[in-house]
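# Summary of structural features
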Amino acid sequence: DSCPSSIHQNQVLLTPCIHSAVYPDMSNSENENKKEGGGASIPDLNFDLKSGIRTAVRGANSILSTLEQHKTQTTTDFTSRVRPLASQFEYGMEKTIRFYEMRRNYGAQIVLGSASAIAILVGARRGKIPAALASATTGLASYGAVYGVPDMK
């Protein structure tokens, strides 16, 4: 018998003696014939395990590749639509800043235009007196926005 003599209680050995321990009525020659006759051996198990791992890795790589392609396509679509909008927004902000910097050049037009527009809108809905009050309030607010509020010391 080729089994080691000292086996601890919780120890599992992967040796030919396990098979003889499970099938004690078979002789060693029958064990050898059974192994050679197509029974699963450790090298076959490793080959199947390696091919299984290889297949799993290929499948995972395929899934990850597909996900990356979809992410790239989505990012490209989003960027191609946002880039023109961002450039238009930048152009609009430049114009707004230039207009804001030149606001004192057109102060009278801004104050009178905003007061007149509010007077027309409120006058059509509420009457002459509310239109005059709203127009005066809007004119004062426009004046303050264009020229700033003076310091009262």
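Refer to the preceding data block for the structure.
Description of the structure in this document. (Residues numbered from 1 in each chain as written. Predicted model: local features only at pLDDT ≥ 70, side-chain atom pairs only at ≥ 80, totals over all residues. Heavy atoms only, no water.)

Taken together, the side chains of Leu 49, Ile 53 and Val 57 make up a nonpolar region of the molecular surface, amounting to roughly 270 Å² of accessible area. Position of Ile 53 relative to the elements: it lies in helix 3 (residues 42-101). (Patch = residues over 30% accessible without salt bridge, like charges linked within 9 Å, V, L, I, M, F, W, Y side chains within 5 Å. Areas by Shrake-Rupley, 256 points an atom, 1.4 Å probe, with all protein chains shown as cover. Salt bridge = Lys/Arg side-chain N within 4 Å of Asp/Glu carboxyl O. Helix = DSSP H or I, 4+ residues; strand = E, 2+ residues; numbered from the N terminus.)

Attention now moves to the packing of helix 4 (residues 107-125) against helix 5 (residues 128-147). Following both chains from N to C, one finds helix 4 and helix 5 inclined at 155 degrees, their axes separated by 8 Å at the closest point. With respect to each other, helix 4 and helix 5 are oriented roughly antiparallel. As for how helix 4 packs across helix 5, the hand of that crossing is right-handed. Residues Gly 107, Ala 108, Ile 110, Val 111, Ser 114, Ala 115, Ile 118, Ala 119, Val 122 and Gly 123 of helix 4 lie in contact with helix 5, whose contacting residues are Pro 130, Ala 131, Ala 134, Ser 135, Thr 138, Gly 139, Ser 142, Tyr 143, Val 146 and Tyr 147. Residues that form the contact of helix 4 with helix 5 fall into these classes: 13 nonpolar, seven polar and no charged. (Axes fitted to C-alpha atoms, helices over the stretch in contact; angles between N-to-C directions. Parallel < 35°, antiparallel > 145°, perpendicular 65-115°, else oblique. Left-handed = near helix turned anticlockwise from the far one by under 90°. Contact = heavy atoms within 4.5 Å. Nonpolar A, V, L, I, M, F, W, Y, C, P; charged D, E, K, R; others polar.)

Look at helix 5: 28 Å from first C-alpha to last across 20 residues, which is about the 28 Å you get at 1.5 Å a residue. Considering only its buried residues, helix 5 is in contact with helix 4. (Expected span 1.5 Å × (residues − 1).)

Attention now moves to helix 4. Each α-helix turn comprises 3.6 residues. Residues three or four places apart therefore point the same way. For helix 4, with 19 residues, the first-to-last C-alpha span of 28 Å sits near the 27 Å given by 1.5 Å per residue. For helix 4, the full list of buried residues reads Gly 107, Val 111 and Ala 115. All buried residues of helix 4 lie within an arc of 40 degrees about the axis, which places them on one face of the element. Residues of helix 4 that are exposed and point more than 90 degrees away from the buried face comprise Gln 109, Ile 120, Leu 121 and Ala 124. The elements touched by buried residues of helix 4 are helix 5. (Buried < 20%, exposed > 50% of the residue type's maximum accessible area, 1.4 Å probe, protein only. Arc of directions from axis to C-beta.)

Honestly, that's just the spatial picture; any functional story needs more than this.
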